[in-house]
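# Survey of secondary and tertiary structure
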Amino acid sequence: MNGFIFDLDGVIVDTAKYHYQAWKQLANKIGVEFSLEQNEQLKGVSRVDSLKKILHWGQKTISGEEFMALMTEKNDQYLGLIETMNEDEVLPDVSKVLNYLSKKHQKIALGSASKNAVGILNKVNLTPFFDAIIDGNQVTHAKPDPEVFLNAAKQINIQPEQCVVFEDAVAGIQAANAANMVSIGIGDAHVLHEADYVFKDFTEMSLEFIDKLINPKTVCN
Ligand code: BG6
Ligand code: MG
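Attention here is on the structure that accompanies the text. (Residues numbered from 1 in each chain as written. Chains lettered and ligands numbered in written order. Predicted model: local features only at pLDDT ≥ 70, side-chain atom pairs only at ≥ 80, totals over all residues. Heavy atoms only, no water.)

At 2.0 to 2.1 Å from the magnesium ion (ligand 2) lie its protein donor atoms, namely Asp7 (OD), Asp9 (O) and Asp168 (OD). All donors to the magnesium ion (ligand 2) come from one chain, and their sequence spacing reads D-x1-D-x158-D. Of this pair, Asp7 sits in the loop between β1 (3-6) and α1 (16-29) while Asp168 sits in the loop between β4 (163-167) and α8 (170-178), and the two are 161 residues apart along the sequence. Judged by relative accessible area, Asp7 falls into the buried class, the value being 4%. (Donors = N, O, S within 2.8 Å, 3.2 Å for Na, K, Ca; no water. Helix = DSSP H or I, 4+ residues; strand = E, 2+ residues; numbered from the N terminus. Buried < 20%, exposed > 50% of the residue type's maximum accessible area, 1.4 Å probe, protein only.)

Encoded structure:
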């Protein structure tokens, strides 16, 4: 049996666009320009580190109190944007892969930086697939630190070397590699060049490939 660890934002659901909208509105409000390219650098990055980066880009210094208020404001805005989210927003073929892994009795875990992960999984009705959920509420070291994935492996009782990670963020691929897991990038192959394998999305991943992940001996053949 192997472990399959899924990132949430950008792998299971396309929430990156909502994070972008919420951060952009906040950044512009405090007089900081915020581009799509900069948003790319926030993928997989915790809420607190994201705000630190935005303030750094805008060369802004604020008090601790203001910092906390901005974090709350961004999250409230984000929660408003995802309020009506439902299973229609699950990315293509994610459910197919989850169903297949579950049919093959593999262990499935979530490894996300988001503190909103449980709420989102419930909204899109995918919670029952997960044997363990590790999210931003349970980690002290953010990706690219491997903590989130090592915790997930521990919870599903699978050795890190027998775990596969699906990730859309550079920091997440680095975390998976640091955890000694097979790293699978979901997205742009140039951006995710440190991954062991990259697929544009799950529609490009064949069930034969997943079988090889389940039985790694055949990957080498
Ligand atoms: C990651 C996202 O999954 O979670 C980041 O890629 C986000 O964009 C981070 O900042 C934290 O999410 P949240 O929901 O706790 O603000
Ligand atoms: Mg992600």
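Continuing now.
Membership of the largest hydrophobic core comes to 37 residues, with the highest contact counts inside it found for Phe6, Ile12, Leu126, Phe130 and Phe166. Both domains that meet at this core, namely domain 1 (3-14 + 88-218) and domain 2 (16-82), each give it at least three residues. In this structure Phe166 touches Phe4, Ile5, Phe6, Asp7, Val11, Ile184, Ile186, Phe202 and Met205, once residues within four positions along its chain are discounted. Grouped together as the second largest cluster of nonpolar side chains are 16 residues, Ile5, Ala109, Phe149 and Ala152 included. (Core = buried A, V, L, I, M, F, W, Y, C linked by side-chain atoms within 4.5 Å. Domains from an automatic or database assignment. Contact = heavy atoms within 4.5 Å.)

The next subject is the sheet that holds strand β2 (residues 107-111). An order of β3-β2-β1-β4-β5-β6 is seen for the six strands of this open sheet, with the pairing classed as parallel. On the outer flanks of this sheet lie β3 (132-134) and β6 (197-199), each paired with one strand and no other. Mean inter-strand twist for the sheet, computed between neighbouring axes without regard to direction, equals 20°. Across three bridges, the pairing between β2 and β3 is parallel. In the strand pairing of β3, Leu110 is matched with Ile133. In the packing of helix α7 (residues 147-156) onto the sheet, the strands contacted are β1, β2, β3 and β4, and the crossing angle to β2 comes to about 150°. Sheet strands in contact with α8 are β4 and β5 (182-186), and its direction is about 170° off that of β5. (Pairing = 2+ DSSP bridges. Axes fitted to C-alpha atoms, helices over the stretch in contact; angles between N-to-C directions.)

Because an α-helix packs 3.6 residues into every turn, residues spaced three or four apart end up facing the same way. Taking 1.5 Å of rise per residue, the 14 residues of α1 would be expected to cover 20 Å, and the 20 Å separating its terminal C-alpha atoms lies within 8% of that figure. For α1, the full list of buried residues reads Ala16, Tyr18, His19, Tyr20, Ala22, Trp23, Leu26 and Ala27. The inward-facing, buried residues of α1 contact α2 (36-40), α3 (47-57) and α4 (64-81). Of the residues trailing α1, Gly31 is marked for its positive phi of about 80°. (Expected span 1.5 Å × (residues − 1).)

Moving on: the packing of α1 against α3. The interhelical angle for the contact between α1 and α3, taken along N-to-C directions, is 40°, at an axis separation of 11 Å. Accordingly, the angle class assigned to the pair α1 and α3 is oblique. Seen along the crossing, α1 lies across α3 with a hand that is right-handed. Contacts from Trp23, Leu26 and Ala27 of α1 reach α3 at Arg47, Ser50, Leu51 and Ile54. (Parallel < 35°, antiparallel > 145°, perpendicular 65-115°, else oblique. Left-handed = near helix turned anticlockwise from the far one by under 90°.)

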